[in-house]
Amino acid sequence: MTATDAVPLKLEKSARIFVAGHRGLVGSAVVRRLRTVGYTNLILRSHSELDLTNQSAVKTFFSIEKPQYVILAAAKVGGIHANSTYPADFITINLQIQTNVIDSAYRYGVKKLVFLGSSCIYPKMAPQPIPESSLLTGPLEPTNEWYAIAKIAGIKMCQAYRIQYKWDAISAMPTNLYGPNDNFHPENSHVLPALMRRFHEAKVSGAKQVVVWGTGSPLREFLHVDDLADSVVFLLEKYSDLGHVNVGSGKEVSIKSLRSW
């Protein structure tokens, strides 16, 4: 078997599936979807129960729990302000989580791992719509390059383990997401929850206007997190190859138009 011809595995509904980051926007949606389609043996741990940046703790967890499949949705995430303010945290914490989980998953017999990245991995001037082949073809967007570099490393780590060990690790790159359990922090959130909070607070306070950064002209693609979760389960069950897979809606809207979206 080569790195690119691994056969998709048949998953039993009783399979032990570890969803890392199950309380976050993506992880919680993945858990909902897995349960909806009948998976009954999910392994879930909060940060207080398992610190994924702690290599020893992660190894112990995998040695005891022995999950068969892993969906790696855990990450330190945030918007432009957070990335600009905490660049060391964004690159270090994400690299630690990815390295610990991916390596332990392989070494403790996990059959398949799905790594979730972000569309920010692509160059700032990538063609639109962005094809997977655009990866590493130009400079990144400076405002979130620390997070992007960590996610690129995660993709390459999955590919390296597939090539060297013939292990079934795949990567999915979702576009901008929104939905239940999003982060509505006034400074560290992404654009949609940030705008929702600003307009909500303006309505509650009776403010006459809402100030938003920029011109509103940049275009962004958005996807509801439940649609991403559907794709993640599909990829877990059906996809097995070296290349990462983009997951998006295929439609772009301007930031300005979001106020009436």
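How each quantity is defined
Per chain, residues are indexed from 1 in the order of the written sequence. Since the coordinates come from a predicted model, pLDDT governs what is reported: local features require at least 70, and pairs of side-chain atoms require 80 or more to be given and counted, while whole-chain, interface and lining totals use all residues. Excluding hydrogens and water, the side-chain figures rest on all heavy atoms present in the structure. UniProt positions are given in the numbering used here, feature names are shortened, and annotations may be inferred rather than shown by experiment. Each helix is a run of DSSP H or I of at least 4 residues and each strand a run of E of at least 2, with the numbering of both proceeding from the N terminus. For the exposure calls, accessible area comes from a 1.4 Å probe over protein chains only, and a residue counts as buried if that area is under 20% of its type's maximum, exposed if over 50%, partly exposed in between. Whether two residues touch is decided by their heavy atoms; if any such pair falls within 4.5 Å, the residues are in contact. With residues, only the protein chains shown are counted as cover, and all accessible areas are computed by Shrake-Rupley using a 1.4 Å probe. Charge counting follows a simple rule: Lys and Arg are positive, Asp and Glu are negative, and His as well as the terminal groups are ignored. The atom standing in for a charge is NZ when the residue is Lys, CZ when it is Arg, CG when it is Asp and CD when it is Glu. Paired strands, as defined in this entry, are two strands with at least two bridges between them according to DSSP. Between N-to-C directions, angles cover 0 to 180 degrees, with each direction set by a line fitted to C-alpha atoms, over the stretch in contact for helices. Note on angle classes: values under 35 degrees are labelled roughly parallel, values over 145 roughly antiparallel, values of 65 to 115 roughly perpendicular, and the remainder oblique. Two helices crossing with the near one rotated counterclockwise from the far one by less than a right angle form a left-handed crossing, whereas a clockwise rotation gives a right-handed crossing. Polarity classes work like this: nonpolar for Ala, Val, Leu, Ile, Met, Phe, Trp, Tyr, Cys and Pro, charged for Asp, Glu, Lys and Arg, and polar for all others, with Gly in that last group. Expected helix span is given by 1.5 Å per residue-to-residue step, counting one fewer step than there are residues. Side-chain atoms within 4.5 Å are what join buried Ala, Val, Leu, Ile, Met, Phe, Trp, Tyr and Cys residues into a set we call a nonpolar core. Confidence of the predictor at the level of single residues is captured by pLDDT, which takes values from 0 to 100.

Going by the annotation in an unreviewed UniProt entry, the name recorded for the protein is GDP-L-fucose synthase, with Centaurea solstitialis given as the source organism. Here the protein is described in UniProt, under the heading Catalytic activity (unreviewed entry), as follows: "GDP-beta-L-fucose + NADP(+) = GDP-4-dehydro-alpha-D-rhamnose + NADPH + H(+)". UniProt, in its Sequence similarities (unreviewed entry) section for the protein, records the words "Belongs to the NAD(P)-dependent epimerase/dehydratase family. Fucose synthase subfamily."

## Description of the overall build of the protein
Secondary structure assignment for the protein yields seven helices and nine strands. If one aligns the C-alpha atoms of the protein with their principal axes, the spans along those axes are about 60 × 40 × 35 Å. Out of the 261 residues in the protein, the part that is buried amounts to 44%. Residue pairs in contact within the protein that sit at least 24 positions apart in sequence constitute 77% of those at least 6 positions apart. Accessible area of the protein: about 13,300 Å², with a carbon and sulfur share of 54%. Computed over 28 positive and 21 negative side-chain charges, the inter-centroid distance for the protein is 3 Å.

## Regarding the sheet that holds strand 5 (residues 168-174)
Think of a sheet as strands paired side by side through backbone hydrogen bonds, with each pair either parallel or antiparallel. Overall, parallel pairing links the six strands, which are arranged 2-1-3-4-5-8 in an open sheet. Each having just a single partner strand, strand 2 (42-43) and strand 8 (245-247) make up the two edges of the open sheet. Packed on one face of the sheet, helix 1 (residues 25-36) meets strand 1 (17-20), strand 2, strand 3 (69-72) and strand 4 (112-116) and runs near 155° to strand 1. Across the sheet, helix 7 (residues 225-238) is in contact with strand 1, strand 3, strand 4, strand 5 and strand 8; its angle to strand 4 comes to roughly 150°.

## Let's talk about the packing of helix 4 (residues 87-107) against helix 5 (residues 145-165)
The contact between helix 4 and helix 5 brings their axes to 8 Å, and the two run at 15°. It follows from the interaxial angle that helix 4 and helix 5 lie roughly parallel. Where helix 4 crosses over helix 5, the handedness of that crossing is right-handed. Of the residues in helix 5, those touching helix 4 at Pro 87, Phe 90, Ile 91, Asn 94, Leu 95, Gln 98, Thr 99, Ile 102, Asp 103, Tyr 106 and Arg 107 are Trp 146, Tyr 147, Ile 149, Ala 150, Lys 151, Ala 153, Gly 154, Met 157, Cys 158, Tyr 161 and Tyr 165. Along the lines of polarity and charge, the residues of the contact of helix 4 with helix 5 split into 15 nonpolar, four polar and three charged.

## Considering helix 1
An ideal rise of 1.5 Å per residue puts 16 Å on twelve residues; helix 1 measures up with 17 Å between its terminal C-alpha atoms. Listing the buried residues of helix 1 in full gives Leu 25, Val 26, Gly 27, Ser 28, Ala 29, Val 30, Val 31 and Leu 34. For helix 1, the elements touching its buried residues are strand 1, strand 2, strand 3, strand 4, strand 6 (176-178) and helix 7.

## Describing the nonpolar core
By size, the foremost hydrophobic cluster in this structure holds 36 residues, and its most contacted members are Phe 18, Leu 52, Phe 62 and Leu 113. Mapped onto this core, the elements with two or more residues apiece are strand 1, helix 2 (55-65), strand 3, helix 4, strand 4, helix 5 and strand 5. No other element matches helix 5, which puts seven residues into this core. Discounting chain neighbours no more than four positions away, the residues touching Phe 62 are Phe 18, Pro 67, Val 70, Val 101, Ser 104, Ala 105, Tyr 108 and Val 110. Counting 30 residues, the second largest nonpolar core, distinct from the first, contains Val 30, Leu 116, Ala 172 and Leu 223.

## Topic: the confidence of the model for the protein
The pLDDT averaged across the protein works out to 90; a share of 92% of its residues lies at or above 70. Per-residue pLDDT stays below 50 along residues 1-6; that stretch engages in 13 contacts with residues further than four places along the chain or on separate chains.

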